[in-house]
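Structure assessment
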Amino acid sequence: MAAAKKGTIVIDGETIPISNPGKLLWPELGLTKSMYLEKLAMLAPYLLHHCNGRYMTTIRWPDGITGESFYQKNCPEPTPPFVHTAQQGDINYVLLDSLPTLLWLGNLACLEFHMSFDRIGEAVYPTEWIIDLDPSLEVEPRIMEAAVIVGDLLRSIGVESMLKTSGATGVQLIIPSAGDVTFDELRVMGRFVGSYLAQAHPKLFTIERMKADRGDCIYVDYLQHYPGKTIAAPYSPRARAGATLSTPITWEEARGGARIADYNLLTIGDRLSQFGDLLLQAKPQKLRPIYDFVSRSTS
């Protein structure tokens, strides 16, 4: 099919037209659309699991990563009958709930999948607390060191976190929640953690919202943790050189100096065979005691 200008594939009984299967999406790696669709099919069990019940925003790159891109919130049209959607306000979001839907989006050159922090129908109690570490520098050699510091801090107060790369420049610490705290309360907790880090490590962390005020510090982003905001989904490709992927990693890897570029579309298959989905090892934690402690400390 890669040599043809168009074709079709049949998945789970659904027929999906494929246009320009030989188009290079990551030219420096020789990754074509047909190769990308094969990678998406391999990633589908993981992407679909983590995006289940979330509002989905994609970023499309019709001419590959060297071309122009645009965000897609509303479901593209014409919409095949197998694609399900969810309305929020005036936006009709795609539900990423099947392999045919994922491959349909892949054919449209959706190279990034960003899921909402909130779940559909639940805008009050999130199912995870996410601490987003966002470098001010395009290349930040201290990002894993910073992640380990935050992970150790959380562990010291009884909170176990999982780590994933954003696939771009940053990392996120993910703490599954038992659903006992609200988004508003998590932002209070996030500000407390970020303020402590900025005071204890002023040359490494900042909570300054304006990028111009951050210097070369890593921003502890707690304000994004809000209904309607999005984050790169676990196992989402990123439209960057090297075909990097938002990937859960172990704390041993982080302490060993892992690089974000190490985790990409070319290496993820072997990694999943070795580790499976690391995020599935995390158990929901009760965070109400942490919020109560923070409230007393800041009152």
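Residues numbered from 1 in each chain as written. Predicted model: local features only at pLDDT ≥ 70, side-chain atom pairs only at ≥ 80, totals over all residues. Heavy atoms only, no water.

Some details on the overall build of the chain
The helix and strand tally for the chain stands at seven helices and 16 strands. At 20 Å, the chain has a C-alpha radius of gyration in line with the 19 Å of a compact globule built from 299 residues. Taken over the C-alpha atoms alone, the chain extends approximately 65 × 40 × 40 Å along its principal axes. Considering only intrachain contacts with a sequence separation of at least 6, the fraction spanning at least 24 residues in the chain is 66%. If you average the places of the 28 positive and of the 33 negative side-chain charges in the chain, the two averages end up 1 Å apart. (Helix = DSSP H or I, 4+ residues; strand = E, 2+ residues; numbered from the N terminus. Rg over C-alpha atoms; globule rule 2.2 N^0.38 Å. Contact = heavy atoms within 4.5 Å. Lys, Arg positive; Asp, Glu negative; His and termini not counted. Charge placed at Lys NZ, Arg CZ, Asp CG, Glu CD.)

Observations regarding unusual backbone geometry
Here the amide bond leading from Glu77 into Pro78 is cis, since omega sits at 0°, within 30 degrees of zero. Structurally, Pro78 is set in the loop between β6 (70-72) and β7 (85-88). Here the phi dihedral of Asn20 falls at roughly 45°; this positive angle occurs in a residue that is not glycine. Its place among the elements puts Asn20 in the loop between β2 (14-19) and β3 (24-26). Classification of Asn20 by relative accessible area gives partly exposed; the value is 35%. (Buried < 20%, exposed > 50% of the residue type's maximum accessible area, 1.4 Å probe, protein only.)

Some words on the pattern of salt bridges
Evaluation of the coordinates by the stated rule reveals 15 salt bridges. The salt bridge involving Arg187 is made with Asp184; its shortest N-O contact spans 2.3 Å. Taken together, the residues span about one helical turn, with Arg187 and Asp184 both in helix α4 (residues 183-200) at a distance of three residues. Judged by its relative accessible area of 48%, Asp184 falls in the partly exposed class. Across the salt bridge formed by Arg209 and Asp221, the nearest N and O atoms sit 3.4 Å from each other. Taken together, the residues span a long stretch of sequence, with Arg209 in the loop between β13 (205-206) and β14 (218-221) and Asp221 in strand β14 at a distance of twelve residues. In this structure Arg209 comes out as partly exposed when scored by relative accessible area, which is 38%. Beyond isolated ion pairs, a larger network of salt bridges with shared partners links Asp152, Arg155, Glu160 and Arg255. (Salt bridge = Lys/Arg side-chain N within 4 Å of Asp/Glu carboxyl O.)

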